[in-house]
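The chain contents come next:
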Amino acid sequence: MALCGGADRGSHSMDKSITLPPDEIFRNLENAKRFAIDIGGSLTKLAYYSTVQHQVAKVRSFDHSAKETDGDPLYEISVQEEITARLHFIKFENAYIETCLDFIKDHLVNTETKVIKATGGGAHKFKDLIEKKLKLKVDKEDEMTCLIKGCNFVLKNIPHEAFVYAKHADSEFRFQNTHPDIFPYMLINIGSGVSIVKVEAEDKFERIGGSSIGGGTFWGLGALLTKTKRFDELLQLASKGQHTNVDMLVKDIYGGAYGSLGLTGDLIASSFGKSATTDKEFSKEDMAKSLLHMISNDIGQLACLYAKLHNLTRVYFGGFFIRGHPVTMHTITYSINFFTKGEVQALFLRHEGYLGAIGAFLKGAEEDNPNQYSWEENYAGSSGLMSVSPELNPVQRARSGTFDMLEMDRLERQLVNLPLLQDATSYIPDTVDLTEDALAREYWLYCFEEALDGVVKRAIASQKDQPEAVERAEKFRQKYRHKLQTLRHQPFAYGSLTVRSLLDTREHCLNEFNFPDPYSKIKQKENDMALKYYLKVVKSVEELSWEQRQFTLAKGLLAGNVFDWGAKAVSDVLESDPEFGFEQAKQQLQERPWLVDAYNQWIERLKGPPHKCALFFVDNSGIDIILGVFPFIRELLIRGTEVVLASNSGPALNDVTNSELQILTERIAAMDPVIHAALREDRLALVQNGSSSPCLDLSRLDKVLATVIRERGTDLVIIEGMGRAIHTNYYAMLSCESLKLAVIKNSWLAERLGGKIFSVVFKYEVPSKAQEQH
Amino acid sequence: MKLKCSSKPAFPWFGMDIGGSLVKLVYFEPKDITAEEEQEEVENLKSIRRYLTSNTAYGKTGVRDVHLELRNLTICGRTGNLHFIRFPTAAMHRFIQMGRDKHFSSLHTTLCATGGGAYKFENDFRTMADLELLKLDELDCLIQGLLYIDSVGFNGHPECYYFENPSDTQNCIKRPCCLDNLFPMLLVNIGSGVSILAVYAKDDYKRVTGSSLGGGTFLGLCCLLTGCETFEEALEMASKGDSTNVDKLVKDIYGGDYQRFGLQGSAVASSFGHMMSKEKRESISKEDLARATLVTITNNIGSIARMCAVNEKIERVVFVGNFLRINTVSTKLLAYAMDFWSKGQLRALFLEHEGYFGAVGAFLELLKSSDDA
């Protein structure tokens, strides 16, 4: 296919063969700096760093020294422009390189950048072209160093980066938890040859071995044997072939198994052994399959020998031989299982193709200290892992071969594990893996699609003053619907599919179209309303006996949690019946015994000595936080327990954000001497959790929060709400006492858990070690 | 090695190893036959002896390796010559038919057989030729046969050899040597496929691993790539070829050494890597392809063997199997690879009777089994 050739160099001169609008591919190019490029045998990966300007909703307290009137809102909401850092990675076929360079040249406004970091085998081939087109000096970086740097980066920053491939399982991909310590590991890069690298620390790695029998052998020898030129076509052939027609199996020699050695009859005794003794024609498919097995087994065997010698159990595979090809991932996995008898698992990476570009970029960006930040995959701007079955979604597959994108947002803070996790390595935030649970997946995808209209409406309503909001909201709808459709076909696209990832993807898409906080005004109104009842609630509680008081406080916490715009059933009620109040909510609650009911144990515990410090992950604004959480922690404070309220750093649904909570707390303190004193004496602390999700990943929390928790000797963790205590963390094991509280506001989920809508979960857990001590 | 045998089994004495590609047969020709014995010797026994000892080729594909014959061997009180014969496993049925035609079953001998074929063809021997096989484990036979031949030597010379100066192609010389301290050794048997054993004592060994990339792969790929038909033809072509026209070397990618990782420019980075290019595929010679196939398979075996030796902490690596027959390209390459990659820590050893140890081991069992009887 001809490239743009002599066509005009306008901004619309992109070759027609590029099917996506280029401005959707090379995004934010105007602010781009620090380019890096990794040119492989067939694909080019371009990386750049840009700043993204987007709107954020800010809240600010009014000056209360001025006279207050009843109609005034509690605080002021303003929309501000904020600039954040984002990493862009784009992958395309080498054939498009010239077209892409032209496009970049035309759109690159920033002239500060002088150098482009380059790596990969093709870097020298295109050096002159790049220098001529972009007027940037090409600075070559060592391929393996880039690869390792990139690998460290994705392993640290992208949850569910690594996966195990199981061809015949319900879900082909089994994603791995982010390990707090990624080292040591072994990376086996299968390019034209094979390199085996041991990585012990960020900058400590060593090539411990290799083999000349690699992807080039498959390709070269395969092309000779089958007269098939392209690598992909060879894999296609192989996937259709029968290796047993070409290979000599154990049963061809023994007539059956070689029992005394435990070698089964189907085992390959001699690759291509039949073609030496049989005088017949072999089919291309069969030879390609035999070759694939030969090479995969050989690499697997060497990998195992090296893993054993160096005592390594985490083995990642990459290189063009692997690159998401189900055929090779399967044969390599098979080989590793065979040779290690299951002791070592073959691991693959979602962003394997980007490692070199990421590494080259990081080399060039060292002065920005990219490793000091935490990064987050932006689901809105990333293509995700493509379909493995070409017949399943051919269009998607074809497009993915053309352009593929990964975007990563720099987070303003470093994220770390909750120090109170019993075992950080086995912690899985999500309760249900929708990648594996097809029924649940169907339901939730449907649910999110159903809710989409409402979200669009709300987004528009939140920006009534901006007429173009309608258009943006429509774009949001298209983008998110497209994501949902993609996930229907490829639930593994962004790692394990979970309710959390569906919610987060929606938040990312909303942000993408400048709807930073569609609930800001609703939250403001609810907070305002709830504050008016605060003293009344506190007073009525104070009049009760101790036992009654504890029960009322617990019930209040649960009732407050019924108010949740995130759950469809509730948002229906709230929108149709604004009078639905706190008392009514209490009546809606399930009578005891609750669906999960550890209330008696909790009360027994309360009769004992006070906790030293309670960490409370709060949920919604309004009634929940003000009339549910505050009276509850007030009691804890009176008992002599310090309280840390952890709230979201950024907005998500109607969840209370840290900045909102600061204002609310001030206002409550002004009314309530108990809260006032606690704040003054630092027995009540408000700390952000580092997240902007309606769910909670305890392995990615703000470092400051972790420090506070440790310093205060936290011995009780309270997690509230469906998002944080049911969809995530329901099974999380903590090293201290914990309360997980939620009202199930979704009838499907309630049914699944064996209850009805508005069932109550009151889970109180004491770690077994502590139990022994009692 | 001393063999215990109180009673002699009846002649003929055979040991057979039926592999994936080749059948290896050892035959003991008694040279101390008395006149009395000669008289008593039944006709078909005599004809077998004459047929085997007076020919060096049998049918179209059977060959006697005359140069390997062990002369004046005394076993179980009998003195004679041990003959080494091979033919393709594909001719197995013709061989069984011959056994039927010659009424082999009337000779009251036990046919000791090892290798996979002992199992695969057991029923054919029974139904076609009325012969019962004594089936023996191939690894047991391999080790016993190897130890025996090493102990009797090769007509007064050592059975074992190695290469002096393996890293210097000009001065690389084959040197005989004696295996004084045999154990532990890593035994790499390269037949159609590869088996790697760690041998600690006469009766103490384990199979460490195996590989499907062996002699069968070399020949199979050569047949497909060059249209050749025999191992000899394939090796002949390989000896004339240049693998660097086929393989991509480190210097082809990096312009020289890859210093960051201490890789020499002359090291192979990707076997058959040049063949990714259409132009190069069209201009390549069969000889180069044969050579590249041989080098690829050999280096791979060397690499796996070396890793096993390191993992098992064994310094002596003994290579056997018919892949090494008339194959100095591979033996020298293995010697070089062991020496270079281990920085002189490992030594590759070879044995003159390469592929026959299994058959010898089966033959020894014949003598032992009659002892039990």
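Reading guide: rules and limits
Residues numbered from 1 in each chain as written. Chains lettered and ligands numbered in written order. Predicted model: local features only at pLDDT ≥ 70, side-chain atom pairs only at ≥ 80, totals over all residues. Heavy atoms only, no water. Helix = DSSP H or I, 4+ residues; strand = E, 2+ residues; numbered from the N terminus. Rg over C-alpha atoms; globule rule 2.2 N^0.38 Å. Buried < 20%, exposed > 50% of the residue type's maximum accessible area, 1.4 Å probe, protein only. Contact = heavy atoms within 4.5 Å. Areas by Shrake-Rupley, 256 points an atom, 1.4 Å probe, with all protein chains shown as cover. Lys, Arg positive; Asp, Glu negative; His and termini not counted. Charge placed at Lys NZ, Arg CZ, Asp CG, Glu CD. Buried area = accessible area lost by both parts, 1.4 Å probe. Salt bridge = Lys/Arg side-chain N within 4 Å of Asp/Glu carboxyl O. Polar contact = N/O pair within 3.5 Å; in protein donor to acceptor, adjacent residues only side chain to side chain. Nonpolar A, V, L, I, M, F, W, Y, C, P; charged D, E, K, R; others polar. Pairing = 2+ DSSP bridges. Axes fitted to C-alpha atoms, helices over the stretch in contact; angles between N-to-C directions. Domains from an automatic or database assignment. Disulfide = S-S within 2.5 Å. Parallel < 35°, antiparallel > 145°, perpendicular 65-115°, else oblique. Left-handed = near helix turned anticlockwise from the far one by under 90°. Phe/Tyr/Trp six-rings, centres within 6.5 Å; stacked < 30°, edge-to-face > 60°. Lys NZ or Arg CZ within 6 Å of the ring centre and 35° of its normal. Core = buried A, V, L, I, M, F, W, Y, C linked by side-chain atoms within 4.5 Å. Arc of directions from axis to C-beta.

Helix and strand counts for chain B stand at 13 helices and 17 strands. Relative to its length of 373 residues, chain B is compact, with a C-alpha radius of gyration of 22 Å against a globular reference of 21 Å. Each principal axis of the C-alpha atoms in chain B carries an extent, and together these give about 75 × 45 × 35 Å. Looking at chain B as a whole, 56% of its 373 residues qualify as buried. By sequence separation, contacts in chain B at least 24 residues apart represent 68% of the contacts at least 6 residues apart. For chain B, the exposed surface amounts to about 15,700 Å²; the carbon and sulfur share of it is 47%. Across chain B, the 41 positively charged side chains and the 46 negatively charged ones have centroids separated by 3 Å.

Take the overall build of chain A next. Looking only at helices and strands, one finds 27 helices and 25 strands in chain A. Within chain A, the fraction of its 774 residues that count as buried is 61%. Put simply, of all contacts in chain A between residues at least 6 apart along the chain, 74% involve residues at least 24 apart. Accessible surface, chain A: about 30,900 Å² in total, of which carbon and sulfur atoms supply 50%.

This paragraph deals with the interface of chain B and chain A. In this assembly, 54 residues from chain B lie in contact with 48 residues from chain A. Regarding the contact of chain B and chain A, the summed buried area is about 4,300 Å², with carbon and sulfur atoms giving 63% of it. Between the two partners, chain B and chain A, sit one salt bridge. Note that Glu312 of chain B and Lys308 of chain A form a salt bridge whose closest N and O atoms lie 3.7 Å from each other. Applying the counting rule to chain B against chain A returns 19 residue pairs in polar contact (both at pLDDT 80 or more). Only helix H4 (116-120), helix H6 (138-152), strand E13 (204-211), helix H7 (215-226), helix H9 (250-254), strand E15 (268-270), helix H10 (278-283) and helix H11 (286-312) of chain B provide two or more residues apiece to the side of chain B that touches chain A. Considering only residue class, the side of chain B that touches chain A consists of 23 nonpolar, 22 polar and nine charged.

This next bit is on the sheet that holds strand E16 (residues 403-410) of chain A. All names here are of chain A. In space, the seven strands of this open sheet follow the order E5-E4-E1-E2-E3-E16-E15, with mixed pairing throughout. This sheet does not close on itself; its edge strands, each paired only once, are strand E5 (137-140) and strand E15 (375-377). Across the sheet, the axes of successive neighbouring strands diverge by a mean angle of 30°, strand direction being ignored. Judged from the seven bridges that link them, strand E3 (residues 75-93) and E16 form a sheet pairing that is antiparallel. Each residue of the ladder has a partner; that of His88, found in E16, is Glu407.

Attention now goes to the domain arrangement of chain A. Residue and element names in this part refer to chain A. The assigned domain composition of chain A is domain 1 (22-60 + 73-158 + 356-411), domain 2 (162-246 + 282-349), domain 3 (430-513) and domain 4 (519-765). Between domain 2 and domain 3, the contact holds four residues from the first and five residues from the second. Roughly 460 Å² of surface becomes buried between domain 2 and domain 3 when both sides are summed, with 67% attributable to carbon and sulfur atoms. Among the residues domain 2 hides against domain 3, the three largest losses belong to Ser171, Phe173 and Phe175. Together they make up 80% of the total. Where domain 2 touches domain 3, the interface holds one salt bridge. The interface formed by domain 2 and domain 3 contains zero residue pairs in polar contact (both at pLDDT 80 or more). For the side of domain 2 that touches domain 3, the class distribution of residues is two nonpolar, one polar and one charged.

Another aspect to go through is the state of the cysteines. Counted by the stated rule, this structure contains zero disulfides over all chains. Unpaired in this structure, Cys447 of chain A has its nearest cysteine sulfur neighbour in Cys695 of chain A, at a distance of 13 Å. For the unlinked cysteine Cys160 of chain B, the closest cysteine sulfur is that of Cys177 of chain B, found at 3.4 Å. With a relative accessible area of 1%, Cys160 of chain B lands in the buried category.

Time to look at the side chain of His351 of chain A. All names here are of chain A. Summarising the element assignment, His351 is placed in the loop between strand E14 (345-349) and helix H11 (355-364). There is a polar contact of 3.5 Å between the side chain of His351 and the side chain of Glu377. The contact partners of His351, leaving out residues within four places of it in the chain, are Val154, Ile158, Glu161, Glu377 and Leu406.

This part takes up the pattern of salt bridges. Inspection of the entire model under this criterion finds 65 salt bridges over all chains. Notably, a salt bridge pairs Lys740 of chain A with Glu765 of chain A, separated by 3.1 Å at the nearest N-O pair. Note that Lys740 of chain A is positioned in strand E24 (residues 737-744) and Glu765 of chain A in strand E25 (residues 759-765), a separation of 25 residues in sequence. Residue class for Lys740 of chain A comes out buried when judged on its relative accessible area of 1%. Glu765 of chain A sits in the partly exposed class, given a relative accessible area of 23%. A salt bridge links Glu312 of chain B to Lys206 of chain B; the shortest N-O distance between them is 2.9 Å. Of the two residues, Glu312 of chain B sits in helix H11 while Lys206 of chain B sits in strand E13, which places them 106 residues apart along the sequence. Accessibility expressed as a relative area gives 37% for Lys206 of chain B, which makes it partly exposed. Among the charged side chains, a network of salt bridges with common partners joins Arg86, Glu407, Asp409 and Glu512 of chain A.

With that settled, consider the packing of H7 of chain B against H11 of chain B. Residue and element names in this part refer to chain B. The geometry of H7 relative to H11 is characterised by a closest axis approach of 10 Å and an angle of 160° between their N-to-C directions. With respect to H11, the axis of H7 lies roughly antiparallel. Relative to H11, the crossing made by H7 is right-handed. Of the residues in H11, those in contact with Thr217, Phe218, Leu221, Cys222, Leu225 and Thr226 of H7 are Lys286, Leu289, Ala290, Thr293, Leu294 and Ile297.

Phe11 of chain B connects to Pro12 of chain B through a cis peptide bond whose omega is 0°. Relative to the elements of secondary structure, Pro12 of chain B occurs in the segment before strand E1 (13-18). Between Phe183 of chain B and Pro184 of chain B the backbone carries a cis peptide bond, its omega angle lying at -5°. By the secondary structure assignment, Pro184 of chain B is in the loop between strand E10 (173-177) and strand E11 (185-190). A positive phi angle, near 55°, is found at Asn311 of chain A, a position not held by glycine. The class for Asn311 of chain A is exposed, based on a relative accessible area of 67%. Positioned with a positive phi, Asn514 of chain A is a non-glycine residue whose angle comes to about 60°. Relative to the assigned elements, Asn514 of chain A resides in the loop between helix H15 (499-512) and helix H16 (520-542).

Our next topic: the packing of aromatic side chains. Following the criterion strictly, the structure yields 56 aromatic pairs over all chains and no others. Their ring planes at 5° and their centres at 4.3 Å tell us that Tyr443 of chain A and Trp748 of chain A sit as a pair that is stacked. Of the two residues, Tyr443 of chain A is situated in helix H13 (residues 438-462) and Trp748 of chain A in helix H26 (residues 747-752); the sequence distance between them amounts to 305 residues. On the accessibility criterion, Trp748 of chain A (23% relative accessible area) is partly exposed. One aromatic cluster is present, built from ring pairs that chain together Phe163, Tyr165, Phe173, Phe175, Phe317, Phe348 and Phe492 of chain A. Its end group placed over the ring of Tyr354 of chain A, Lys91 of chain A keeps NZ or CZ at 4.9 Å from the ring centre. We note Lys102 of chain B situated over the ring of Tyr51 of chain B; from NZ or CZ to the ring centre the distance is 5.1 Å.

All right, on to the nonpolar core then. Among the nonpolar cores identified, the biggest contains 98 residues, and Met186, Ile188 and Phe317 of chain A together with Val188 and Phe319 of chain B are the most heavily contacted of them. With 13 residues, helix H9 (residues 284-309) of chain A is the single largest residue contributor to this core. In this view, Ile188 of chain A contacts Val194, Ser195, Ile196, Ile299, Ala303, Val315, Tyr316, Phe317 and Gly318 of chain A; residues no more than four positions away in its chain are not counted. Within the second largest apolar cluster, 77 residues are counted, among which are Phe11, Ala113, Tyr148 and Val360 of chain B.

Our next topic: helix H6 (residues 231-240) of chain A. Where H6 of chain A is concerned, the buried positions are Phe231, Leu234, Leu235, Leu237 and Ala238 of chain A. Here the buried residues of H6 of chain A occupy an arc of 160° about the axis, which is enough to place them on one side.

Attention shifts here to the pairing of E25 of chain A. Residues and elements named next belong to chain A. Taken across its seven residues, E25 has six buried, putting it largely inside the fold. With two bridges connecting them, strand E18 (residues 596-597) and E25 associate as parallel partners. Within the sheet, the bridge partner assigned to Asp597 lies in E25 and is Phe762. Relative to E25, E24 is paired through seven bridges, and the arrangement is antiparallel. Considered in E25, the bridge of Leu739 is made with Tyr764.

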